[in-house]
Amino acid sequence: MSKPVSALNGAQFHGIAEVRDLGLQGMITLRGDLTKPKLKSAVKSVTGLALPKTGGILSDETGSVAWMSPDELLLLVPYAEVDAHLATLQKDLAKEHSLAVNVSDARAMFSLSGPKAREVLAKLVPVDLSPGAFEPGMMRRTRMAQVAAAFWMMDEDTFHIICFRSVARYVFDLLTVAAQEGSEVNAF
Amino acid sequence: MSTRLSTHGRLIDRSQTIKFTFNGKWMRGHPGDTLASALLANDQMLVGRSFKYHRPRGIVASGAEEPNALVNMGKGPTFEPNQRATTTELFDGLTATSQNHWPSLEFDVGEINASLSRFLPAGFYYKTFMYPRAFWKHVYEPFIRQSAGLGQAPKDRDADTYEHFYAFTDILVIGGGVAGLQAAKAAADSGAKVLLVEQSSAWGGRAMVDQVDSETVNDTPVDKFVEEITAELAAMPNVTMRLRMMGAGVYDHGYVLAYERLNDHQPDADGPRHRLWRIRAKQTITATGAIERPLSFAGNDVPGVMLASAVRDYVVNFGVSPGDRTVIATNNDDAYLTAIILKKAGLDVPRIIDARPEGGGALMEEAKALGIRVDLGRAIAKVKGSRRVTKVQICNQAGEGGVLDEVACDAVAMSGGWSPVVHLWSHCGGKLLWDEGHAMFRPDGDNPPRGASGEGFVRCAGIANGAMDLAAVIADAHEAGKAAAKEAGFTPKRSKAPAATSRADAALLPVWLMPQGAKTELRAKSWLDFQNDVKVTDVQLAAREGFESVEHTKRYTTLGMATDQGKLSNINGLAILSDALGQPIPATGTTTFRPPYTPISMGAIAGEARGEVFQPIRRTPMHDWHDANGADWEPVGHWRRPYAFVRPGESVEAAVMREVTNTRESIGLLDASTLGKLIVKGPDAGRFLDMLYTNMMSTLKPGRCRYGLMCTENGFLTDDGVVARIDEDTFLCHTTTGGADRIHAHMEEWLQTEWWDWKVYVANVTEQYAQVAVVGPKARKLLEKLGGMDVSADELPFMGWADGTIGGFACRVYRISFSGELSFEIAVKASDGQAFWDALMEAGSEFGIQPYGTECLHIMRAEKGFIMIGDETDGTVIPQDLGLDWAISKKKEDYLGKRAQERSHMTDPNRWKLVGLETVDGSVLPDGAYAVGPGKNANGQRNMIGRVTSTYHSPTLGRGIAMGLVQHGPDRMGEVLEFPGTDGKTYKAKIVSPIFYDPEGEKQNV
């Protein structure tokens, strides 16, 4: 059987920042009462991570937990492990009113990196991306030009961006337009 | 003549010469020139023709307020009309042409309009072109379009790129003159984040021209002060400074648009041409300076008549003299500066005509000491000359214009006083005060634009705030900076404003007409709005005809409606109107200031949204395969779906017919990935779906599917789809393609606002799956060949679903059918979608498998009488209209829309109801055609008794079939209706059952 492929299958662009399709990323949408200890421990057992604060994301080498809304988290885990983790969540949360679903294939994920990454993204999202205002550890759901998107920072120069799979090409093209040569803003 | 001087020119680099063309003629300039200064240096004073009378027009101003010097810039893909020469920086190879003339700038046939001007007064179009009616469209309008208008519309696609930038700051300072610089400094000293923007290419503003020799800040000459404070600001990490960036508009909630012109002055550079900054500022300071007012005297539009400030700008900034002999006309002290600067540059100033009987203060004495003759209490009666000023006639300001004297000259520098640039202050509701002493509107600090907290979020600084001399400007700006910082939550430094010198000017005399009692023939040549050709007599006529509101007068006369938005004309115009109405100026008020401050490019507004990223296109996992296999695309929302897969040499219609026949006879494949898939889970999920759907969902058994209808609260059908119960707590709801996001939001809204205590979670998993419909009598054979799960009728009956694998792909199979055939809708992970599709196509080749598109889908569902949301529904149709009563639960106490459906109009037996329609001759009914009944309605139109909602040629039946909504339709089976087409023919169709094919449903249930 052939290998599953991400929407843009590893596409790349180099301009004033580097844009890269990150391939398949395991993602689980978890909805539930975020104050329940059972939910916290279920998240911990799947990701090894605690719950992020409002608007935050916690990460380690293998995955992340991102705050999406007052009753929703996004768990980032290796693509191949999603089904196992879903089973764990469903078992651990069997008695809690909650919803855990696989959304790995519904999304595309990109990295945007380089010293100009902040200002390339600031051309497309209505978010204060100046240093200090947006930093690693923060998660932002917003719109990117005309579509929904979310992003966080891996380090001072690198963003990870997720969008719906169907608009992966649009988002990649947007980022390449925003990163075109000669378009430095030098505002940050 | 106008020429380049050997002295002055602080902004130009004389060591380099660059070449440009104007109307095809090569000219020379220097880096740092504007196009206007370079044209003047080449003695090109005549730059265009006026809008209505085609009068020769020259450069009047030196900045954004310029009404006349509009040119076509560039060629082909970089062509752009209506560009102001005064704000266009010169670059090597620039090409510009003048506008609005035929055949040439120097000789324009349209000039005849000027001699007809008596017959072209305000409101001329409204009065003249009324009758006969048909003439408007065919004679008058084409003629007016030909003779009026400014630049031409570009013909080619714009070669440049544009972008947006989202910026957030504590304090935005608009204007980089001394006020803006000082305000920015005072604000930034508090630690607040400051963004300082200046529309031109240099810091310092007017002070660099007007005060540089005579005045000081902190005992430092002004130019030195600007240099120092600019360097200090540049060194502060909390300050961002941008040149060539104009504050364009101020909006609610501290939102400001700023327009950055990146490459207009270097068109060969990489990167975007313009960038639109979308700024959120806690506080905005507008330090936008002031604009000098022209004086209204006869012939004030003759080329060579300029604003006094502009004349000295050209000398000081660009080393260009607009004329050899310049007469000054003024009502204030400021214009004396121009005389002094011209005289000191070695140019002739034969006369200063000061309307004030007492004259001016220290500057007048200085001018006199230089040997310039000053005439007090005098006015310009008339400027003589056509393509260039030749002389001025002088009269008493107090009189009617009897000529006392004539002075030969080639330029006139006029000053009617200054008007603060209050545009940005006013955009979001800042109020104005009338300042009697300076005869100007200035911001009313007690009534600023207010934000959500009720506090003001804009303040003005410097001359823009009505502070009229340097000391006052610096002090005002300093306080504005500190106050803004405090308002933004910072603690301003305890510091005093730098001390600056102050000029002892004599008072200004308001002069709205020169001379005061000018005769009609003079007033009819006294221009208010240069760009739209509005004269003093036009405004007076409007007042006489009853246009008392300034907004009405504006629209009737077109005063201030040109691309300059009346920057020079508005105050003078409303003063004339006030006088004509016999009321004080503040009683007349101003017209509304609207963004943008000056026109900004359409490209900047669009930003990145052009070409490939004009609009998002949603692609399914199999999109590229479809594209490579003949897909004729159809937009469905933002999705692209194949309408049909067209083979080489085949027409789209033929492809559709082939696809229907193939699917009915053997096997077809549909990419159904775009259909919405919503997971609804929780102990209350069944109860929730019972409220959302008209039918009962809570009784559905796990493993089974049920078709359901959703209505709005008003009872109208809004969406439909198949619901599958996954387990006791979990349902998967299919929506229409266009309904996925909408229905998801609908569910969340009810859960969050009305039924917040119900235990239900919803997730939109539409894009998690590639969904493929395998349809046709051979569908099961194909799946059995691929193997992996039992898809027999016993194990997976009609309206059942099962998880399993097919051909090695993990999948969920739904036995549902929108075609009436044996059908399996199979969902696999989107990332497996293309591979799964390939596997089906390959294994299906022996069964004659073919992909099919949306039109084939439509025809097959219409043959079966299945409704389509958006065809049979249009927001006014209820399920009962469509004969879907079977899908409306009678047992349920409530569902969304139930109460509305019980209202009298919804239960009216006269509502149009769904029927099938069969043309008598087998042809295809026109889509949307109406059936006409006997008689006429109150408007004399034929009575309508029904309409076509879907219509196709059915290859299965070999005839046209249609569905429609018809009054009493189901009771009129067999009746033949008439449908007049737009093609002149009348179509006849018989009312039949909407189910044309396999009414027993035997084919899908095998």
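Colleague: With reference to specific residues and values, describe the overall build of chain B.
Modeller: From N to C terminus, chain B includes 26 helices and 51 strands. Summarising its shape, the C-alpha atoms of chain B cover approximately 115 × 70 × 55 Å along the three principal directions. For chain B, the proportion of its 1006 residues judged to be buried stands at 60%. In chain B, 65% of the contacts between residues at least 6 apart in sequence involve partners at least 24 apart. Accessible surface for chain B amounts to roughly 39,200 Å². Of this, 51% is attributable to carbon and sulfur atoms. Here chain B contributes 108 positively and 124 negatively charged side chains, and the mean placements of these two sets differ by 3 Å.

Colleague: Tell me about the overall build of chain A, and name the residues and values.
Modeller: Looking only at helices and strands, chain A has 4 helices and 11 strands in total. Expected size for 188 residues packed as a compact globule is a radius of gyration near 16 Å; at 17 Å, chain A falls within 12% of this value. For chain A, the spread of C-alpha atoms along the principal axes amounts to about 55 × 45 × 30 Å. Here chain A, with 188 residues, has 57% of them falling under the buried criterion. Partitioning the contacts of chain A with sequence separation of at least 6, the portion at a separation of at least 24 is 61%. Accessible surface computed for chain A: about 7,300 Å², of which carbon and sulfur atoms make up 53%.

Colleague: Tell me what's going on with the packing of helix H23 (residues 779-786) of chain B against helix H24 (residues 833-844) of chain B, and back it up with residues and numbers.
Modeller: All names here are of chain B. Packing of H23 against H24 leaves a shortest axis separation of 10 Å and a crossing angle of 110 degrees. The orientation of H23 relative to H24 falls into the category roughly perpendicular. Across the interface between the two elements, Leu782, Leu783, Lys785 and Leu786 of H23 pack against Ala839, Leu840, Ala843 and Gly844 of H24. Residues belonging to the contact of H23 with H24 are distributed by class as follows: 6 nonpolar, 1 polar and 1 charged.

Colleague: Go over the domain arrangement of chain A, please, and point to the residues and values.
Modeller: All names here are of chain A. Domain boundaries in chain A define domain 1 (12-22 + 106-178) and domain 2 (26-105). Taking the mean C-alpha position of each, domain 1 and domain 2 sit 23 Å from one another. Domain 1 puts 10 residues into the contact, and the matching count from domain 2 is 15 residues. Counting the contacts that link domain 1 with domain 2 gives 0 salt bridges.

Colleague: So what's going on with the sheet that holds strand S2 (residues 18-22) of chain B? Residues and values would help.
Modeller: Residues and elements named next belong to chain B. Read across the open sheet, the 5 strands follow the order S3-S2-S8-S6-S7; overall the sheet is mixed. Edge positions in the sheet fall to strand S3 (25-29) and strand S7 (80-84), since each has one partner strand and no second. When strand polarity is set aside, the average angle formed by the axes of neighbouring strands in this sheet is 40 degrees. Pairing of S2 with strand S8 (residues 94-98) involves 3 bridges; the strand directions are parallel. Each bridged residue has a counterpart across the sheet, and for Phe20 the counterpart in S8 is Leu94.

Colleague: Please give an account of the sheet that holds strand S43 (residues 809-814) of chain B that cites residues and values.
Modeller: All names here are of chain B. The sheet built from 6 strands is open, its strands ordered S42-S43-S44-S41-S35-S45 with mixed pairing. Both outer strands of the open sheet, strand S42 (801-806) and strand S45 (850-851), are each paired with one neighbouring strand and no more. Of the pairings in the sheet, the one linking S42 to S43 comprises 6 bridges and is antiparallel in character. Across the sheet, residue Gly804 finds its bridge partner in S43, namely Cys811.

Colleague: An account of the nonpolar core is needed here, citing residue identities and associated values.
Modeller: Leu35 and Val392 of chain B are the most contacted members of the largest nonpolar core, which has 94 residues in total. Grouped together as the second largest cluster of nonpolar side chains are 57 residues, Phe134 and Ile161 of chain A together with Trp277 and Val458 of chain B included.

Colleague: Help me get a handle on the packing of aromatic side chains, residues and values and all.
Modeller: All names here are of chain B. Here the structure, examined in full by the defined rule, presents 21 aromatic pairs over all chains. Here Trp434 and Trp512 contribute two aromatic rings whose centre-to-centre distance is 6.4 Å and whose plane-to-plane angle is 45 degrees, an arrangement assigned as tilted. Taken together, the residues span a long stretch of sequence, with Trp434 in strand S28 (residues 432-435) and Trp512 in the loop between helix H12 (470-487) and helix H13 (520-523) at a distance of 78 residues. Trp512 carries the same exposure label as Trp434, and that label is buried. Between the aromatic rings of Phe818 and Phe866, the centroid separation amounts to 5.7 Å while the plane-to-plane angle is 5 degrees, which identifies the pairing as stacked. With a gap of 48 residues between them, Phe818 in the loop between S43 and strand S44 (823-829) and Phe866 in the loop between helix H25 (854-863) and helix H26 (898-901) connect regions that are remote in the sequence. We classify Phe818 as partly exposed; its relative accessible area is 28%. Under the relative-accessibility criterion, Phe866 is labelled partly exposed at 24%. Here a set of aromatic residues connected by ring pairs shows up, and it is made of Phe688, Trp750, Trp755 and Trp758. It is Arg815 that lies over the ring of Phe824; its NZ or CZ is 5.6 Å from the centre.

Colleague: Which residues make up the pairing of strand S5 (residues 64-69) of chain A, and what are the values?
Modeller: Successive residues of a regular strand alternate their side chains across the two faces of the sheet. Residues and elements named next belong to chain A. Within S5, 6 of the 6 residues are buried, which leaves the element mostly enclosed by the surrounding structure. Joining the antiparallel neighbours strand S4 (residues 57-59) and S5 is a turn of 4 residues. The antiparallel hairpin formed by S5 and strand S6 (residues 72-77) contains 2 residues in its connecting segment.

Colleague: For the pairing of strand S49 (residues 959-967) of chain B, give the residues involved together with the corresponding values.
Modeller: Residues and elements named next belong to chain B. Among the 9 residues that make up S49, 8 are buried, leaving the element largely enclosed by the rest of the structure. Two elements, strand S46 (residues 912-919) and S49, share 7 bridges in a ladder whose sense is antiparallel. Counterpart to Trp912 in the pairing with S49 is Gln967. Where strand S48 (residues 942-954) meets S49, 8 bridges bridge the pair, whose relative direction is antiparallel. Following the sheet pairing, Arg947 is matched in S49 by Leu965. Where S48 hands over to S49, the hairpin turn is made up of 4 residues, of which Gly958 adopts a positive phi near 70 degrees.

Colleague: I'd love a proper account of a negative patch on the surface, names of residues and values included.
Modeller: Residue and element names in this part refer to chain B. Residues Glu784, Asp790, Asp794 and Glu795 make up a contiguous surface patch of negative charge. For Glu795, the position within the fold is in the loop between H23 and S42. Look at Glu795 and you get exposed, because its relative accessible area is 53%.

Colleague: Give a detailed account of unusual backbone geometry, specifying residues and quantitative values.
Modeller: All names here are of chain B. Following Met514, the chain continues to Pro515 via a peptide bond in cis, the omega torsion being -10 degrees. Mapped onto the elements of the fold, Pro515 is located in the loop between H12 and H13. For the peptide bond that leads from Pro595 to Pro596, omega is 0 degrees, which places it in the cis range. As for its position among the elements, Pro596 is in the loop between helix H17 (585-588) and helix H18 (602-606). For Asn218, which is not glycine, the phi dihedral falls at a positive 50 degrees. Along the polypeptide, Asn218 turns up in the loop between strand S11 (216-217) and strand S12 (220-221). Phi is positive for His253, close to 60 degrees, though the residue is something other than glycine. One can find His253 in the loop between strand S14 (245-251) and strand S15 (255-261).

Colleague: How would you sum up the interface of chain A and chain B? Please name residues and give values.
Modeller: Between chain A and chain B, the residue contacts involve 51 residues of the former and 47 residues of the latter. Regarding the contact of chain A and chain B, the summed buried area is about 4,000 Å², with carbon and sulfur atoms giving 56% of it. Between chain A and chain B we count 3 salt bridges in total. Across the pair Lys123 of chain A and Glu163 of chain B runs a salt bridge whose closest N-O atoms are separated by 3.0 Å. At the boundary of chain A and chain B, one finds 24 residue pairs in polar contact (both at pLDDT 80 or more). Those elements that place two or more of their residues in the side of chain A that touches chain B are strand S7 (99-102) and helix H4 (168-178) of chain A. With 5 residues, the single largest contributor to the side of chain A that touches chain B is H4 of chain A.

Each value, and the rule that gives it
- Residues numbered from 1 in each chain as written.
- Chains lettered and ligands numbered in written order.
- Predicted model: local features only at pLDDT ≥ 70, side-chain atom pairs only at ≥ 80, totals over all residues.
- Heavy atoms only, no water.
- Helix = DSSP H or I, 4+ residues; strand = E, 2+ residues; numbered from the N terminus.
- Buried < 20%, exposed > 50% of the residue type's maximum accessible area, 1.4 Å probe, protein only.
- Contact = heavy atoms within 4.5 Å.
- Areas by Shrake-Rupley, 256 points an atom, 1.4 Å probe, with all protein chains shown as cover.
- Lys, Arg positive; Asp, Glu negative; His and termini not counted.
- Charge placed at Lys NZ, Arg CZ, Asp CG, Glu CD.
- Rg over C-alpha atoms; globule rule 2.2 N^0.38 Å.
- Axes fitted to C-alpha atoms, helices over the stretch in contact; angles between N-to-C directions.
- Parallel < 35°, antiparallel > 145°, perpendicular 65-115°, else oblique.
- Nonpolar A, V, L, I, M, F, W, Y, C, P; charged D, E, K, R; others polar.
- Domains from an automatic or database assignment.
- Salt bridge = Lys/Arg side-chain N within 4 Å of Asp/Glu carboxyl O.
- Pairing = 2+ DSSP bridges.
- Core = buried A, V, L, I, M, F, W, Y, C linked by side-chain atoms within 4.5 Å.
- Phe/Tyr/Trp six-rings, centres within 6.5 Å; stacked < 30°, edge-to-face > 60°.
- Lys NZ or Arg CZ within 6 Å of the ring centre and 35° of its normal.
- Patch = residues over 30% accessible without salt bridge, like charges linked within 9 Å, V, L, I, M, F, W, Y side chains within 5 Å.
- Buried area = accessible area lost by both parts, 1.4 Å probe.
- Polar contact = N/O pair within 3.5 Å; in protein donor to acceptor, adjacent residues only side chain to side chain.

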